[in-house]
Structures are given as structure tokens and as C-alpha cells.
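Given next are the chains, with one letter for each unit.
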Amino acid sequence: MFCSSSHLLLHRCFSTYTIPHSTSIAVRSSSSLQEIPKSTPESKEQGGPTSLLYSSTPFPPIKAAKRVVLVRHGQSTWNEEGRIQGSSNFSVLTQKGEAQAETSRQMLADDAFDLCFSSPLIRSKRTAEIIWDTRKEEIITEYDLREIDLYSFQGLLKHEGKAKFGVAFRQWQLDAANFNIDGHYPVRELWARAGSCWTKILSHESKSVLVVAHNAVNQALIATAIGLGTEYFRILLQSNCGVSVLDFTPQADGRPPYICLNRLNQLTTPSSPLAGGSSGGRKTNKRIILVCHGSQANAEVSFPNLGDQPMNMLGVIQAQKTAELLLDLTVNCIITSSKVASVETANAISRVQEAADCLGADCVPRYVEMKQMQNLDVEKVLGQSKQEATEVPQQPGWINGFEDGVVMTALWDQSGKAWESLLEELSDESEEEKIVVVVGHPAVHIALIGRCLNLSKEWMGSFHLDAGSISVLDFPDGPGRRGVVRCINYTAHLGRWSIPITRSTSDDEEF
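Bear in mind that the values here come from a model prediction, so they are computed numbers and not experimental data.

Criteria and thresholds
Residues numbered from 1 in each chain as written. Predicted model: local features only at pLDDT ≥ 70, side-chain atom pairs only at ≥ 80, totals over all residues. Heavy atoms only, no water. Helix = DSSP H or I, 4+ residues; strand = E, 2+ residues; numbered from the N terminus. Expected span 1.5 Å × (residues − 1). Buried < 20%, exposed > 50% of the residue type's maximum accessible area, 1.4 Å probe, protein only. Contact = heavy atoms within 4.5 Å. Axes fitted to C-alpha atoms, helices over the stretch in contact; angles between N-to-C directions. Parallel < 35°, antiparallel > 145°, perpendicular 65-115°, else oblique. Nonpolar A, V, L, I, M, F, W, Y, C, P; charged D, E, K, R; others polar. Left-handed = near helix turned anticlockwise from the far one by under 90°. Core = buried A, V, L, I, M, F, W, Y, C linked by side-chain atoms within 4.5 Å.

Draft legend 1. Highlighting helix α8 (residues 215-226). Given a rise of 1.5 Å per residue, twelve residues ought to cover 16 Å, and the 17 Å separating the end C-alpha atoms of α8 matches this to within 8%. Burial within α8 is extensive, with eleven of its twelve residues counted as buried. Inspection of α8 places Ala216, Val217, Asn218, Gln219, Ala220, Leu221, Ile222, Ala223, Thr224, Ala225 and Ile226 among the buried residues, and these make up the whole buried set. Close packing links the buried residues of α8 with β3 (66-72), α7 (186-202), β6 (208-213), β7 (243-249) and β8 (258-266).

Rendered as C-alpha cells:
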């Protein structure tokens with residue numbers, strides 16, 4: 001059963017918008033999935049804001065740390081056909097989709113989940129069943145996890161939708177937050193539904209939860225968790241069987257938890273996050289790849305007091321693995337911090353790139369431009385913190401450990417200068433397609449992700465990056481417009497040295 005009236009549950013406070021009341025239908029079986037909540041006359045008159053960061057009642061407090069792992073279903077028959085699915089329940093997994101789910105099962109086989117939530121739609125239920133495998137706990141089917149309701153669009157091929165609905169279809173592609181069909185605002189309704197889902201997910205005492213659902217609803221779950229509004233629809237990508245991770249850390253005195261996006265769109269095949277793609281039908285030909293330098297020597301020293309140290313053996317392996325991941329791409333430019341670990345990582349990438357097309361005896365290596373950028377050097381800024389940093393990069397939300405506002409402001413301001421320089425580099429009109437690899441400290445990359453999303457410094461604690469990880473930012477509308485985040489903190493390419501999806505919570509402190 002789902003709520004007939006709800007507020008979005010976010011942990012930050014912005015302008016408040018109450019979702020209009022609607023008459024809802026309790027659904028417990030997939031056979032009733034074509035039923036859609038019926039709007040009241042009041043809801044049709046109240047269109048709501050065009051594009052706001054929503055707020056309302058904060059997330060409920062939790063007693064122990066909780067990790068929620070989101071997985072999108074595998075490829076479906078309607079994905080393959082290019083048909084608009086929405087919340088319809090007619091498509092099933094293709095053979096490729098079944099294989100994707102099986103690969104996800106293998107990736108998550110050793111992870112300890114307490115329970116699993118699934119959308120009631122066949123394509124997600126089947127994916128959940130494959131991943132959950134022989135675990136004894138029953139999968140919880142949650143109706144609010146169904147895909148976005150697209151009403152008259154559902155079942156149409158994309159070219160049919162364009163021909164039949166014209167202007168409305170174009171708005172769905174380019175301005176989904178304000179898209180209206182059959183008297184409904186589907187994306188706004190979806191954001192409200194995500195709040196209802198979080199209430200149910202967080203009400204369980206479990207410490208590690210698997211949620212298997214869909215592209216749009218997973219986007220809404222991530223966005224509402226970290227305080228982003230409907231204008232961020234299609235900005236945080238979710239590929240078939242892509243895995244995203246959210247960490248919820250309790251606070252004392254019954255306050256809402258800290259929420260951190262630990263990973264976005266971690267895919268089960270190493271080359272997947274770098275595959276060419278599109279957003280809303282727009283092809284991407286400008287890309288920034290953020291590479292966190294490898295682990296440094298004396299990594300047991302409290303972060304960020306590592307200083308300008310070379311990589312340890314693990315860091316060397318991480319750098320080489322990253323270079324191999326980028327092998328199939330033609331990197332135009334590598335921009336790196338001047339710090340030793342970043343330069344070592346950049347050199348590893350450069351060597352592999354220059355040798356990529358040079359397997360013959362008479363071949364001339366391809367030149368890859370490499371530059372150093374001082375505004376990527378943030379170690380000195382972080383080292384100015386007046387407090388002893390006790391958080392290390394392996395812990396979610398470690399950047400929250402810098403409560404010194406001066407340090408955070410300095411980091412944010414410096415990242416702004418770096419971001420402007422990177423966009424200028426990407427804007428070179430002499431190259432139709434351009435890939436820029438940026439190598440630096442995880443802290444500056446977190447700030448650059450915030451810059452890409454047009455956020456403020458207060459959001460930096462909402463993202464997490466590990467040493468050796470990559471994050472991919474695409475610009476389908478050009479560098480002058482907001483980017484699309486294809487993945488964050490991707491580590492699957494590190495193989496046996498990658499960071500596990502779930503972690504032991506046996507030592508978590510209870511509040």
C-alpha cells in the first residue's frame with residue numbers, strides 16, 4: 001500500500017512544496033499494475049514549481065549506519081526495441097538482460113544484505129530473483145518502486161511518441177521536470193513517490209539493504225536522498241544493472257542521518273562506464289574523466305596529512321589498472337595536479353595511451369598532451385585544517401571531517417578556478433570530440449563533481465571517492481551547459497583490489 005499524500009523526505013532545508021493529494025489504489029500483485037493513482041481536481045489546478053530543490057520533513061533518525069545498494073534491472077525486451085516502458089508491465093528481460101543480472105549476482109554474491117526490496121514489475125522482479133539467488137530472506141515487493149508513470153506515452157516506440165505528441169514529446173526529452181501529460185507531471189510525481197520509498201526502506205532495522213528497481217525511480221531515490229530536485233532528472237545516469245550505493249550515518253540526539261552517495265552507476269563490465277552514450281537523445285562528444293591518484297606511501301597516517309608523497313605498491317597497481325581501463329579511448333589531454341602521486345598516475349596513463357596504437361615495429365607513438373594545473377593542488381589547503389583529521393578516505397563522507405569553514409571555502413573556491421580552466425580546455429572548437437583526463441586528490445574531484453552539478457560547497461559531504469577510482473562527466477549539450485554524471489567512484493576495473501560494494505557493519509557504534 002502506498003501513501004495518498006506525501007512530502008519529499010530530504011535532509012536539507014530549501015523551499016517547501018507539498019505534493020497535492022491524490023486518490024490512491026492499494027496494489028499488492030503485479031496483475032494490477034496498469035492502475036494509476038487518480039488525481040483530484042485540486043492537484044490538476046496546482047501545477048507546482050517548475051524546477052525546485054524540494055524539502056519537507058527530514059529523513060527519520062537511524063540507530064546504526066545503513067548502506068542501501070540500488071540496482072537497475074537488466075536489459076528488457078522494450079529496452080531493446082526502443083519502446084517507452086514507464087510503469088507498464090509487458091516487457092521481460094532479454095537474454096542479455098538475464099546475463100547482466102547474473103553478472104550482478106556474481107559481483108554481489110559475497111556481500112551481506114539483510115533484506116531486499118524490489119519493484120513489482122516483471123523485469124525488476126526477475127533481476128532481483130537472480131541477484132538474491134539462494135538467500136533465505138523473502139524479497140519485499142514495493143509498489144512505489146515501480147518505474148515512472150508515463151500514461152499515454154507507455155508502449156509507444158520513440159518515433160511514434162514524437163509523431164503523435166510532437167511538442168509534448170520534445171518537452172519530455174528536453175525539459176522533463178516540467179513535462180505534463182494527461183493532466184499529470186510524471187517527474188514531480190516520481191520525486192514524491194521516492195520520498196515514500198525512503199520512509200519504508202529506512203524504517204527497517206537492517207544495516208545493508210538491496211533495492212532492485214528502474215532507471216527513473218533509482219535516479220529519484222538518489223536525488224531525493226542527497227537533496228536534489230526534479231531538474232536533476234537524467235543527470236545521474238543509471239545503466240542496465242548499474243549499481244549505486246548510498247550510506248546513511250546516524251547522528252546523536254535523534255537528528256536525521258548524514259547521507260552520502262558512495263557510488264553511482266557501478267557497472268559489472270569494466271569498459272561499461274566509458275562506453276559512448278547519449279542523454280535525452282543527445283550524443284556526447286565532450287567528456288571529462290576524473291581519476292583519483294593511487295594510494296600513497298604511509299597510508300596509515302591520518303588523512304589529509306599525507307603531504308606530497310609517492311604512491312605505494314597498491315597505488316602503482318591502481319594507476320596501471322586505470323591506464324588499462326582507458327586504453328580503448330583516445331585521450332586528447334591529461335591534466336594533473338603537480339603532486340607526486342598525481343603525476344605518477346598521469347604518467348602511467350600517458351604511457352599506455354601513447355603505446356595504444358603502436359604495436360608494430362615501425363609505428364610512431366601517438367602524442368598525448370600532458371599539463372600540470374596548480375589549482376588541482378589541494379593538499380596544502382586541506383593541511384591547514386585547525387583540527388586533527390580523524391576520517392580517512394575509505395570512510396563514507398570523510399570530507400565532512402573538515403568542519404573548519406575556512407578550509408572548505410578555500411577548497412571550494414580553488415575548485416571553481418580549476419573547473420573554469422577545464423571547461424575552457426574542453427571548449428576547443430578545433431576538435432569535435434574531446435576527452436580530457438584529470439588526475440588529482442579525491443577532495444578536489446569531489447568539489448569538481450559539485451561544480452559540474454551546479455551545487456554549492458555544502459554538498460561536498462554528499463559524495464565519496466576512493467583512491468584509484470574514476471568518475472565520468474559527459475557534456476551532451478556542450479561544456480557551457482550542465483554536465484551529465486555517467487558514474488562516480490567507479491572501482492570495478494581494479495579487480496581484486498576494488499572496494500567491496502558492502503562493508504562489515506559489525507563494529508558500528510549504536511546511538
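Further notes follow.
Draft legend 2. Examining the packing of helix α5 (residues 158-165) against helix α6 (residues 167-174) more closely. Contact geometry for α5 and α6: axes closest at 6 Å, N-to-C directions at 125°. As judged from the angle between their axes, α5 and α6 are oblique. Contact with α5, carried on its side by Lys158, Gly161, Lys162 and Phe165, involves Val167, Ala168 and Phe169 of α6 and no other residues of that element. Grouping the constituent residues of the contact of α5 with α6 by class yields four nonpolar, one polar and two charged.

Draft legend 3. Quick peek at the packing of helix α3 (residues 95-108) against helix α4 (residues 122-132). Close contact between α3 and α4 brings their axes to 8 Å; oriented N to C, the two are set at 35°. By crossing handedness, the relation of α3 to α4 is classed as right-handed. Facing Glu98, Ala101, Glu102, Ser104, Arg105 and Leu108 of α3, the residues of α4 in contact are Arg126, Thr127, Ile130 and Ile131.

Draft legend 4. Layout of the nonpolar core. With 89 residues, the main nonpolar core has Trp172, Trp198, Leu246 and Phe463 as its most contacted residues. Tallying contributions element by element places helix α12 (residues 405-426) first for this core, with nine residues. Setting aside residues no more than four positions away along its own chain, Phe463 makes contact with Ile226, Cys260, Leu261, Ile446, Ile449, Leu453, Leu455 and Ile488. Ranked by size, the runner-up nonpolar core spans 21 residues in total, among them Val291, Val352, Val472 and Cys487.

Draft legend 5. Summary view of the environment of Trp78. Mapped onto the fold, Trp78 is located in helix α2 (residues 77-81). Note on Trp78: relative accessible area 12%, which makes it buried. For the pair Trp78 and Thr94, spaced 16 residues apart in sequence, the C-alpha to C-alpha distance is 9.1 Å.

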